[in-house]
Amino acid sequence: MTETTVSLAGRAVAVQVPATTANLGPGFDTLGLALAKYDHLEVRVRDEPGVTVEVRGVGEGDVPTDESNLVVKAIAHTFAAYDVPMPGLNIVANNVIPHGRGLGSSGAAIVSGILAAQGLLEGIVEINAEALLALATEMEGHPDNVAPALFGGLTIAWMTPEGPKHKKLMVHRGVKPLVFVPEHVMSTALARSLQPESVPHEDAVFNLSRSALLIAALIQSPELLLTATEDKLHQSYRAAAMPETNRLITLLREKGFAAVVSGAGPSILVLASDPGQRLVAAELVAEASDTPWRALMLAVDFQGATVTPLTDEVAA
């Protein structure tokens, strides 16, 4: 196709993207939950070609500030998908989501770049929800993190020959997420490398039953969360790579808390059924942990990522 020639001069957008936690125990590569902790991005078209990137907060001094930046790659990927030349851009990323901790930071960066491109191209090309998910999944590889980042709430994501699909569900108001974030990081690639090529039939059936139960627990019956978050497909295989995570999850579950690995780890997600339960869990980890863990008592984000036009007055 021939590239579309358009003028984007003066356009600017602000993007907000929530953190996410994937798998939720048994729902490997399928279930994801959006959390009320947000990265913010401002993107402005400039007259000169090229890209400038300023990173503030998490990743400042470490995250690339050139074309290799993941946000820039996502913007470029979206423009290329619609055959529109990418203009010169000034980007400011205000990052809050921890990196390398299993809270969807890379998915958030991808989603923020795609949403920024959608906003800059508004009125020129139409990018619907299905296309957003497809673009994000092409870059991330799996839809379980990008789906909740895009759409909020609890999402079920699956692949079809036509591309990724999702279903968004509202979470029971009694479900109160608590995330324990350590100082050390975990490579998603390393975590995935520890997965076996095949699993026993009985383990697959076990996870099917728990995944189905988990949907019911999250939207209707939070009292079932402890049983519903049992898993035999991925967490035990990754335990040796994050022993402290595994030890604390075992302790929390023995005490009746629905604790699981958040995404690829090493953070721990506790799906509490009331606010008081979160306080008890936080005290337990503080007393039992050998290394520092930050306890984040978060709400479920129901809105998902947003993009809004920026004016000089608003930016000022």
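In this report, the structure presented in the accompanying data block is examined. Keep in mind the model is a prediction, meaning the values are calculated, not measured.

### So, the pairing of strand 1 (residues 12–22)
Then, in step 1: Most of strand 1 is tucked away: 10 of the 11 residues are buried.
Then, in step 2: Both strand 1 and strand 11 (residues 306–309) contribute to a ladder of 4 bridges, which runs antiparallel. Among the inter-strand pairings, V15 is bridged to a residue of strand 11, identified as V307.

### Here's the deal with the sheet that holds strand 8 (residues 259–261)
Then, in step 1: As summarised here, the arrangement of the 4 strands in space is 8-9-7-10, forming an open sheet in which the pairing is antiparallel. Of all strands in the sheet, those with a lone pairing partner are strand 8 and strand 10 (293–297), marking the two edges. Here the strands of the sheet are splayed against their neighbours by 25 degrees on average, with no regard to which way each runs.
Then, in step 2: Where strand 7 (residues 176–182) lies against strand 10, 5 bridges are found, and the strand directions are antiparallel. Counterpart to L178 in the pairing with strand 10 is M297.
Then, in step 3: Along the sheet, helix 10 (residues 275–288) contacts strand 7, strand 9 (268–272) and strand 10; its crossing angle with strand 7, the most-contacted strand, is approximately 20 degrees.

### A few points about the packing of helix 9 (residues 243–254) against helix 10
Then, in step 1: Look at helix 9 against helix 10: their axes get within 11 Å of each other, and the N-to-C directions meet at 135 degrees. In terms of orientation, helix 9 and helix 10 fall into the oblique class. Like other packed secondary-structure pairs, helix 9 and helix 10 cross with a definite hand, here right-handed. Across the interface between the two elements, R247, L248, L251 and L252 of helix 9 pack against A281, L284, V285 and A288 of helix 10.
Then, in step 2: Tallied by class, residues from the contact of helix 9 with helix 10 come to 7 nonpolar, no polar and 1 charged.

### A closer look at the pattern of salt bridges
Then, in step 1: All told, the structure shown has 6 salt bridges when counted by the stated rule.
Then, in step 2: We note a salt bridge from E244 to R247, for which the minimum N-O separation is 2.9 Å. Placement of the pair is E244 and R247 together in helix 9, with a separation of 3 residues, close to one helical turn.
Then, in step 3: Here E244 falls in the buried class, since its relative accessible area comes to 14%.
Then, in step 4: For R247, a relative accessible area of 34% corresponds to the partly exposed category.
Then, in step 5: For the salt bridge of D290 with R247, the shortest nitrogen-to-oxygen distance reads 3.6 Å. Of this pair, D290 sits in the loop between helix 10 and strand 10 while R247 sits in helix 9, placing them 43 residues apart in sequence.
Then, in step 6: Beyond isolated ion pairs, a larger network of salt bridges with shared partners links E244, R247 and D290.

### Observations concerning the packing of helix 2 (residues 105–120) against helix 3 (residues 129–140)
Then, in step 1: The contact between helix 2 and helix 3 brings their axes to 10 Å, and the two run at 140 degrees. The orientation of helix 2 relative to helix 3 falls into the category oblique. The two elements helix 2 and helix 3 meet at a crossing, and its hand is right-handed. Residues S106, G107, I110, V111, I114, L115 and Q118 of helix 2 pack against L132, L135, A136, M139 and E140 of helix 3.

### Some remarks on the environment of V45
Then, in step 1: Topologically, V45 is positioned in strand 2 (residues 31–46).
Then, in step 2: A sequence separation of 41 residues divides V45 from M86, and the C-alpha atoms of the two residues are 9.4 Å apart.
Then, in step 3: Dropping the residues within four chain positions of it, V45 is found in contact with L8, A9, R11, P87, G88, L89 and L120.

### Things to note about the side chain of S211
Then, in step 1: Mapping S211 onto the fold places it in helix 6 (residues 201–219).
Then, in step 2: Using a relative accessible area of 18% as the deciding quantity, one classes S211 as buried.

### Considerations on the pairing of strand 2
Then, in step 1: With 11 bridges joining them, strand 1 and strand 2 adopt antiparallel strand pairing. Paired with A22 across the strands is G32, a residue of strand 2.
Then, in step 2: Note: strand 2 against strand 5 (residues 154–160), 3 bridges, orientation antiparallel. For L31, the partnering residue across the bridge sits in strand 5 and is I156.
Then, in step 3: Examined bridge by bridge, strand 2 and strand 4 (residues 88–95) share 7 bridges and lie antiparallel to one another. Its bridge partner being in strand 4, H40 is matched across the sheet by N94.

Criteria and cut-off values
- Residue indices follow the written sequence of each chain, beginning from 1 at its first position.
- Residue-level local features of this predicted model are given only where pLDDT is at least 70; pairs of side-chain atoms are given and counted only at 80 or more, and the full residue set underlies all totals for whole chains, interfaces and linings.
- As a rule here, side-chain values come from all non-hydrogen atoms in the structure, and water together with hydrogens is ignored.
- Summary of the burial criterion: residues with accessible area below 20% of their type's maximum are buried, those above 50% are exposed, and those between are partly exposed, where the area comes from a 1.4 Å probe applied to protein chains only.
- Only DSSP runs of H or I reaching four residues or more are called helices, and only runs of E reaching two or more are called strands; each is numbered from the N terminus.
- At least two bridges found by DSSP between two strands are what make those strands a pair.
- Throughout, an axis means a line fitted to C-alpha atoms (over the contacting stretch in the case of helices), and angles, computed between N-to-C directions, take values from 0 to 180 degrees.
- Whether two residues touch is decided by their heavy atoms; if any such pair falls within 4.5 Å, the residues are in contact.
- The labels follow the angle: roughly parallel below 35 degrees, roughly antiparallel above 145, roughly perpendicular from 65 to 115, and oblique for the rest.
- The handedness criterion is simple: a crossing whose near helix is rotated anticlockwise from the far helix by less than a right angle is left-handed, and one whose near helix is rotated clockwise is right-handed.
- Residue classes follow a fixed rule: Ala, Val, Leu, Ile, Met, Phe, Trp, Tyr, Cys and Pro count as nonpolar, while Asp, Glu, Lys and Arg count as charged, and any other residue, Gly among them, counts as polar.
- Put simply, a salt bridge is a Lys or Arg side-chain nitrogen that is within 4 Å of an Asp or Glu carboxyl oxygen.

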